[in-house]
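Fold and geometry: a report
Now for the letters of each chain:
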Protein chains: 2
Amino acid sequence: MRGTGDDAAVVRARGLAVTSVDAVVQDVHFRLGGGGLSPYEVGARALASALSDLAAMGAEPGEAYAVLGIPAAFSQDSAVELVAGMRGVARTAGTSILGGDVVAAPALFVAVTVVGWADAEHELIGRDGARPGDVVGITGELGGAAATLAVAEGRAPGSAAGAPAGEIALRLREGRALAAAGAHAMIDLSDGIATDAAHLGRASGVSVCIDVNALPVHPEAERAAIAAGRPPWWLAATGGEDYELCFCVAPRDRGRAERAVAGVGATAVTWVGEVASGPAGAVLSDERGAVAGIEGYEHRW
Amino acid sequence: MRGTGDDAAVVRARGLAVTSVDAVVQDVHFRLGGGGLSPYEVGARALASALSDLAAMGAEPGEAYAVLGIPAAFSQDSAVELVAGMRGVARTAGTSILGGDVVAAPALFVAVTVVGWADAEHELIGRDGARPGDVVGITGELGGAAATLAVAEGRAPGSAAGAPAGEIALRLREGRALAAAGAHAMIDLSDGIATDAAHLGRASGVSVCIDVNALPVHPEAERAAIAAGRPPWWLAATGGEDYELCFCVAPRDRGRAERAVAGVGATAVTWVGEVASGPAGAVLSDERGAVAGIEGYEHRW
C-alpha cells in the first residue's frame, strides 16, 4: 500500500469491489448543536450510513474515503471532533479511512465513499431477489434513533441523558451471515421500514407485507410514540437511521437465518411479515388493515 | 456486476485498487455562469480532476462515483447538463459512472471518487521516487486553462470564441506508458507546475529545478501573459487545471520516455529541468536566476 502523500490510495484487491457513496448536508440532513447533532455524531453517522449499505449487501468492509466541506464558522476543534466520530465508527467496523479531500463550503457537508470486498458473487445479496412466500425478518430493534431525536427536539418526554445512547450498531457481520444463510434479498433500514420495505418490494417486483404490531419496537420509541398520541409502533415504522437489516428468506430457512445472526453477536431476529405477489412495493398493516400514508418519510437526522 | 438499484455498485476487481477523491464547491473552486463555468464544464472538470490523479499514478481508470450537492436555484436542466459533462469525460477516459448520491445543498458541489486498477505494484508510480540527477519532463502544453479563464474574466484580450476550446485532455495512457518506461516519480499539474513540482520535490526529498524558459507554453497563455505585463511563461508556470503530467526519469531513459508517450497519442514531451539534492521542494529559474513568490498559487477554476 502506498503512502497517503500520493494523489490516490492503493490497496490490494479481492475478487469483487462493492462501493457505496453517501452524503449529508447541514440543515438538509442534520442540524448542528442545540437540539441537533454534535460534530462527532455527524462524522460517525455519515460513515455509518455508508457502511450500512455494505452490510445490506453482505460485503466485508474495506476502506473509506471522506470529503469534508467545512464552513468558516466551523472551528478546527469541531473538525477534529467530526473526524474522531468517523474514526470511532471505522474502528468498530474494521475499516480504515485512507483518503479524502477537505474543502471550504458555505455549509458543513460530509461525502463518504466506502469500499467493501467479496470473493465471489454468491456471497453478495441485493434488494431484488425477494420471492412470493418468503418471510421477512428484521435484526435488532427499531425506532431508537427517532426516539433520541424526538427527545432532543422536545417532542417526547425524557432528558438528553435519559435518551438512548445513540450508539450506532452496524450489522456488518449479521449482513454477511444472512447472505451466507441463503437470504434472497436484504436492505438496511436507513429511512425507516415504511420506506425501505417499499424499495425492496419495488426492486424485487413483489409486495412486502409487514405487520406493524410485530415490529421490534425500541422501548424509548414506544414511549415517545405514545406520548405523541401515536400507536406504539409509529416511530419504529417511520423513523430512520437505525441501520438494522430487513431481509427475506424462504420459510424453510427461517431457523438458519436466526442461527446465522445469533452466531455473530447478541442481535436477535424478529419475523415481521411475508412476501406476496401483487403490486410491487410494501403494505404495512395493523389489526384494522393497511396503514396508509406512512411511506415517504423524509430521511432526516 | 449488480444493477444500480442496490445500495452499492459491485465490480470485478483486479490486483490493486487505486482510489482518488476530489471535491469542488461553487464560489470556492469555481463560479457559475457569466465569466465562470457552465454546468457542463463543472461536471467535466470535477471528473477530469479526479481521473488526472489516476493518470499520475499510472493506473488504468475503472469506475467513478459522484455526489452532487444541488442548490434550489440550480435548475433540473442544469443538473442534466452537469451530468452530461461528467459523462463526456467518462466516455473519453474509458470509465463508467456507476453510482452516487444527489442531495440538496446551499451551494453547488461535486464530490467525485474514481477507482483505477493495476495488476501489480510495479505498474504504479508515486510522487516520492525522484532521484538527484533525474531529468524532468512534461507532457503537452501548459497554461491553456488559465488563458481561457483570463479571457473569460476580461483580464486578457480575446473573445470567448477565440479562447482555447477548454477541451480537457487527460493523460491516462501517457501516465501508464511513462510508468512502464521507468519514470521514477510523477504528478499531474492540477495546481500549476510552480506548486505541483514543489509537492513532488517535498515527497521525494529532492530539489526539483525547473527552467521556466523551457516550459511548453500554450500560445494563448503566452499571449495572455504578455498582455498582462508578465513574462511569456507566467500563466504556464502558475495556472492550474491543465492536467498535463510532470515526471522524473534517469537521463538514460529520456528517449524511452519520449517514445512511450509518442506511442500512445499525439502528445509531445518537453524537458524542463532536473532533480538535485538540496532543500526538498522546487526551484523555478529564469535567465536571471530563481523566481520567487510564484509557488502557492491558489487552486481555482
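Residues numbered from 1 in each chain as written. Chains lettered and ligands numbered in written order. Predicted model: local features only at pLDDT ≥ 70, side-chain atom pairs only at ≥ 80, totals over all residues. Heavy atoms only, no water.

1. Considering the overall build of chain A
A tally of helices and strands in chain A yields eight helices and twelve strands. Across its three principal axes, chain A shows a C-alpha extent of roughly 55 × 50 × 35 Å. Of all 301 residues assigned to chain A, the portion counted as buried reaches 59%. Put simply, of all contacts in chain A between residues at least 6 apart along the chain, 85% involve residues at least 24 apart. As displayed, chain A offers around 11500 Å² of accessible surface, 50% of which is attributable to carbon and sulfur atoms. When the 22 positive and 36 negative side-chain charges of chain A are each reduced to one mean point, those points stand 3 Å apart. (Helix = DSSP H or I, 4+ residues; strand = E, 2+ residues; numbered from the N terminus. Buried < 20%, exposed > 50% of the residue type's maximum accessible area, 1.4 Å probe, protein only. Contact = heavy atoms within 4.5 Å. Areas by Shrake-Rupley, 256 points an atom, 1.4 Å probe, with all protein chains shown as cover. Lys, Arg positive; Asp, Glu negative; His and termini not counted. Charge placed at Lys NZ, Arg CZ, Asp CG, Glu CD.)

2. Brief notes about the sheet that holds strand E4 (residues 96–104) of chain B
Taken in spatial order, the five strands of this open sheet run E1(A)-E2(B)-E5(B)-E3(B)-E4(B), and their pairing is mixed. Here the strands that pair on one side only, and so sit at the sheet edges, are strand E1 (9–12) of chain A together with E4 of chain B. Averaged over all pairs of adjacent strands, the angle between their axes in this sheet comes to 20°, without regard to strand direction. Relative to strand E5 (residues 109–118) of chain B, strand E2 (residues 16–25) of chain B runs antiparallel, the two sharing ten bridges. Within E5 of chain B, the position partnered with valine 24 of chain B by the bridge is valine 110 of chain B. Its contacts with the sheet put helix H1 (residues 39–57) of chain B on E1 of chain A together with E2, strand E3 (60–70), E4 and E5 of chain B, and the angle it makes with E5 of chain B is roughly 30°. (Pairing = 2+ DSSP bridges. Axes fitted to C-alpha atoms, helices over the stretch in contact; angles between N-to-C directions.)

3. A look at the packing of aromatic side chains
Applying the stated criterion across every chain yields a total of five aromatic pairs over all chains. Relative to tryptophan 234 of chain A, the ring of tryptophan 233 of chain A has its centre 5.8 Å away and its plane inclined at 45°; by these criteria the two rings are tilted. Given a relative accessible area of 5%, tryptophan 233 of chain A falls into the buried group. For the cation-ring pair, arginine 230 of chain B lies above tryptophan 234 of chain B, with the distance from its terminal atom to the ring centre recorded as 4.1 Å. (Phe/Tyr/Trp six-rings, centres within 6.5 Å; stacked < 30°, edge-to-face > 60°. Lys NZ or Arg CZ within 6 Å of the ring centre and 35° of its normal.)

4. Re the pairing of strand E3 (residues 60–70) of chain A
Residue and element names in this part refer to chain A. Within E3, ten of the eleven residues are buried, which leaves the element mostly enclosed by the surrounding structure. Two elements, E3 and strand E5 (residues 109–118), share nine bridges in a ladder whose sense is antiparallel. Within E5, the position partnered with alanine 64 by the bridge is valine 114. Each parallel crossover has a hand, and the one from E3 via helix H2 (residues 76–93) to strand E4 (residues 96–104) is right-handed. (Right-handed = clockwise from strand over helix to strand, strands pointing away.)

5. A word on the interface of chain B and chain A
Taken together, the 48 residues of chain B in the interface contact 48 residues of chain A. Each partner contributes to the roughly 3900 Å² buried at the junction of chain B and chain A, and carbon and sulfur atoms together form 59% of this total. Taken together, the links from chain B to chain A amount to two salt bridges. At the junction of chain B and chain A, the tally comes to nine residue pairs in polar contact (both at pLDDT 80 or more). Where the side of chain B that touches chain A is concerned, the elements lending two or more residues are strand E1 (9–12), E2, H1, E3, E4, E5 and strand E7 (185–188) of chain B. Broken down by element, the side of chain B that touches chain A gets its largest block of residues, nine residues, from E2 of chain B. Class assignment for the residues of the side of chain B that touches chain A results in 28 nonpolar, eight polar and twelve charged. Summarising the sheet, E1 of chain A and E2 of chain B pair through four bridges and their orientation is antiparallel. Bridge pairing links arginine 12 of chain A to leucine 16 of chain B in E2 of chain B. (Buried area = accessible area lost by both parts, 1.4 Å probe. Salt bridge = Lys/Arg side-chain N within 4 Å of Asp/Glu carboxyl O. Polar contact = N/O pair within 3.5 Å; in protein donor to acceptor, adjacent residues only side chain to side chain. Nonpolar A, V, L, I, M, F, W, Y, C, P; charged D, E, K, R; others polar.)

6. Points about the state of the cysteines
In this structure the tally under the stated criterion is zero disulfides over all chains. Here cysteine 248 of chain A stays free of any disulfide, with the sulfur of cysteine 246 of chain A as its closest cysteine sulfur at 5.7 Å. (Disulfide = S-S within 2.5 Å.)

7. A few points about the confidence of the model for chain A
All names here are of chain A. Taken residue by residue, chain A gives an average pLDDT of 90. The fraction at 70 or more is 92%. pLDDT under 50 marks residues 160–166. Its contacts with residues more than four places away, or in other chains, come to eight contacts. Predicted confidence is poor over residues 296–301, with pLDDT under 50, and the contacts of this stretch with residues over four places away or in other chains come to 26 contacts. Scored as a complex, the prediction yields pTM 0.89 and ipTM 0.87. (pLDDT = per-residue confidence, 0-100.)

8. A word on the sheet that holds strand E11 (residues 281–286) of chain A
Residues and elements named next belong to chain A. Here seven strands make up an open sheet; going across it, the order is E7-E9-E6-E10-E8-E11-E12 and the pairing mixed. Looking at the sheet topology across the chains shown, the edges are occupied by strand E7 (185–188) and strand E12 (289–290). Bridge analysis of E7 against strand E9 (residues 245–249) gives four bridges, and the strand direction is antiparallel. Looking at the pairing, alanine 185 lines up with cysteine 248 of E9. Seen against the sheet, helix H1 (residues 39–57) touches E7 and E9 and runs at an angle of roughly 165° to E7.

9. A few points about the environment of alanine 262 of chain A
Residue and element names in this part refer to chain A. Mapped onto the elements of the fold, alanine 262 is located in helix H8 (residues 254–262). For alanine 262, a relative accessible area of 49% translates into the label partly exposed. Remark: the alpha-carbon pair of alanine 262 and alanine 177, spanning 85 residues in sequence, is separated by 9.4 Å.

10. Structural notes on unusual backbone geometry
Look at tyrosine 243 of chain A: it is not a glycine, yet its phi comes out positive at around 60°. For tyrosine 243 of chain A, the position within the fold is in the loop between helix H7 (234–238) and E9. Overall, the relative accessible area of 2% leaves tyrosine 243 of chain A in the buried class. A positive phi angle, close to 70°, is found at glutamate 241 of chain B, a residue other than glycine. Here glutamate 241 of chain B shows up in the loop between helix H7 (234–238) and strand E9 (245–249).

11. Some points on the packing of helix H3 (residues 144–152) of chain B against helix H6 (residues 219–227) of chain B
The angle between the axes and the distance between the axes are what describe a pair of packed helices. Residue and element names in this part refer to chain B. Running from N to C, H3 and H6 cross one another at 50°; their axes reach a closest spacing of 8 Å. Classified by the interaxial angle, the pair formed by H3 and H6 is oblique. Note that H3 runs across H6; the crossing there is left-handed. For the pair H3 and H6, contact is made by Gly144, Ala147 and Ala150 and by Glu220, Ala221 and Ala224, respectively. For the contact of H3 with H6, the per-class residue count stands at four nonpolar, one polar and one charged. (Parallel < 35°, antiparallel > 145°, perpendicular 65-115°, else oblique. Left-handed = near helix turned anticlockwise from the far one by under 90°.)

12. Re the packing of helix H4 (residues 172–180) of chain A against H8 of chain A
Residues and elements named next belong to chain A. Running from N to C, H4 and H8 point in directions that differ by 150°, and their axes come no closer than 8 Å. As far as their axial angle goes, H8 and H4 are roughly antiparallel. You can see that H4 and H8 cross each other, and the crossing is right-handed. Where H4 approaches H8, its residues Glu174, Ala177, Leu178 and Ala180 are matched on the opposing element by Arg256, Ala257, Ala260 and Val261.

13. Description of the pattern of salt bridges
Within this structure, the stated rule accounts for 14 salt bridges over all chains. For the salt bridge of arginine 12 of chain A with glutamate 121 of chain B, the shortest nitrogen-to-oxygen distance reads 3.7 Å. Residue arginine 12 of chain A is located in strand E1, and its partner glutamate 121 of chain B is located in the loop between E5 and strand E6 (135–139); the two belong to separate chains. A salt bridge links glutamate 60 of chain B to arginine 14 of chain B; its shortest N-O distance comes to 3.3 Å. In this pair, glutamate 60 of chain B sits in strand E3 while arginine 14 of chain B sits in the loop between E1 and E2, placing the two residues 46 residues apart along the sequence.

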